[in-house]
Amino acid sequence: MSDTQYLTPPEAVFFDHDGTLVDTEPIWEQAKQAIAQEHHAFWTAQDTADCLGKSIDASLIRLQENGVPLELQEMKAELQKQAETILETHTISLIPGIPEVLQELRKANIPVGIVTNAITKVAEHTASLSPETFSVIIGDQQVTNPKPHPEPYLQAAKQLGVNPQRCVAVEDSPSGVQSALSAGMKVVIVPGEIDVIKTKGTTKVSHANLSLKDILILSNS
C-alpha cells in the first residue's frame, strides 16, 4: 500500500523555466552576447551572474548600461529573435528527472503550468517538448510585475481557477522562490546557479530525485 495514497494532491503544480525545466542559460548568454557584439558593446559572465533569476528587463537595462543604444522594446524583440535563431540550430532537452515527474503528474491528473520571467515564445517551445502536459504558460507577456513579485504565480492560478494556497511551485532561484511563497504556494527547490536557503513552506530535492511523492508530502505539510 502506498504511503502517499491518502495525501491530498495539490490543485496544480507550476514549474519555473530556465534552470528548472531546461538548461537555457547558455542560449540566453549567447543571445545577449550577440546583441552586445552587434552594437560594439559587451556582456560578461559577471553580467550574467548579476541578472540570474531577475526579469528580462533587468538584462536589457544592463545591456543598455554596457553600451547597446536600443530602447527596451527594441532590444526585447531583438533578444527574442536571437533566442529563436539559436533554438533553430541547438537542441534543448528537459533536464534529467523532469520528464519522469511530468509523466507522474499527468497520470495523477494534476494540472501543470510554466511560470517564468523568460520570453513567452521560448517557454512555449519548451512546452512542446512534453506535449499535452502544460495547461498554462505565464511568461514576460502575461504579467506587469515579474518575479520576485507574486503576480506571475497568482496569474497562473487564476487562469486555471485554482487556489494558490493549494498549489506547489518548483523553482531554482531566490527570486522565483520568493514569488511563489508570496503567492501563498509551497515550493520545491531544485539546484540552480544560486543557492537558495530552505525556509518554511519549502523543501529541497535534486532534479534527478524529484518525484510526485515529494510534491504530495510538501503539499500536505
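The preceding data block contains the structure.
Since we're looking at a predicted model, the values are computed, not measured.

Engineer: What exactly am I supposed to notice about the pattern of salt bridges here?
Structural biologist: Two side chains with opposite charge may pair up if their charged atoms get near one another. Scanning the entire structure with this criterion turns up eight salt bridges. Close ionic contact of Asp 50 with Arg 62 constitutes a salt bridge, the shortest N to O distance being 3.2 Å. Taken together, the positions of Asp 50 in helix H2 (residues 45–51) and Arg 62 in helix H3 (residues 56–65) put the pair twelve residues apart, joining distant regions of the chain. Judged by relative accessible area, which is 29%, Asp 50 ranks as partly exposed.

Engineer: Help me understand H3, please; the structure alone is not making it clear to me.
Structural biologist: Every α-helix carries 3.6 residues per turn, so stepping three or four residues along brings you back to the same face. Buried within H3 we find Ile 56, Ser 59, Leu 60, Arg 62 and Leu 63. Relative to the axis of H3, the buried residues are bounded by an arc of 160° and lie together on one face. Buried residues along H3 sit against helix H1 (25–38), H2 and helix H4 (72–89). Phi turns positive, to about 115°, at Gly 67, one or two residues after H3.

Engineer: How should the sheet that holds strand E5 (residues 186–189) be read in this particular structure?
Structural biologist: Sheets are built from strands that pair by backbone hydrogen bonding, the pairs being arranged parallel or antiparallel. If you walk across this open sheet you meet the six strands as E3-E2-E1-E4-E5-E6, and the pairing is parallel. Edge positions in the sheet fall to strand E3 (134–138) and strand E6 (202–204), since each of these pairs with one other strand and no more. Taken pair by pair, the neighbouring strands of this sheet meet at an average axis angle of 20°, ignoring direction. By the bridge criterion, four bridges tie strand E1 (residues 12–15) to strand E4 (residues 167–171) in an arrangement that is parallel. In the sheet register, Val 13 faces E4, and the bridge partner there is Val 168. Helix-sheet contacts for helix H5 (residues 98–107) involve E1, strand E2 (112–115) and E3, and the interaxial angle to E1 is about 160°. Of the strands in this sheet, E1, E4, E5 and E6 touch helix H9 (residues 212–219), which is tilted by about 145° from E5.

Each value, and the rule that gives it
- Residues numbered from 1 in each chain as written.
- Predicted model: local features only at pLDDT ≥ 70, side-chain atom pairs only at ≥ 80, totals over all residues.
- Heavy atoms only, no water.
- Salt bridge = Lys/Arg side-chain N within 4 Å of Asp/Glu carboxyl O.
- Helix = DSSP H or I, 4+ residues; strand = E, 2+ residues; numbered from the N terminus.
- Buried < 20%, exposed > 50% of the residue type's maximum accessible area, 1.4 Å probe, protein only.
- Arc of directions from axis to C-beta.
- Contact = heavy atoms within 4.5 Å.
- Pairing = 2+ DSSP bridges.
- Axes fitted to C-alpha atoms, helices over the stretch in contact; angles between N-to-C directions.

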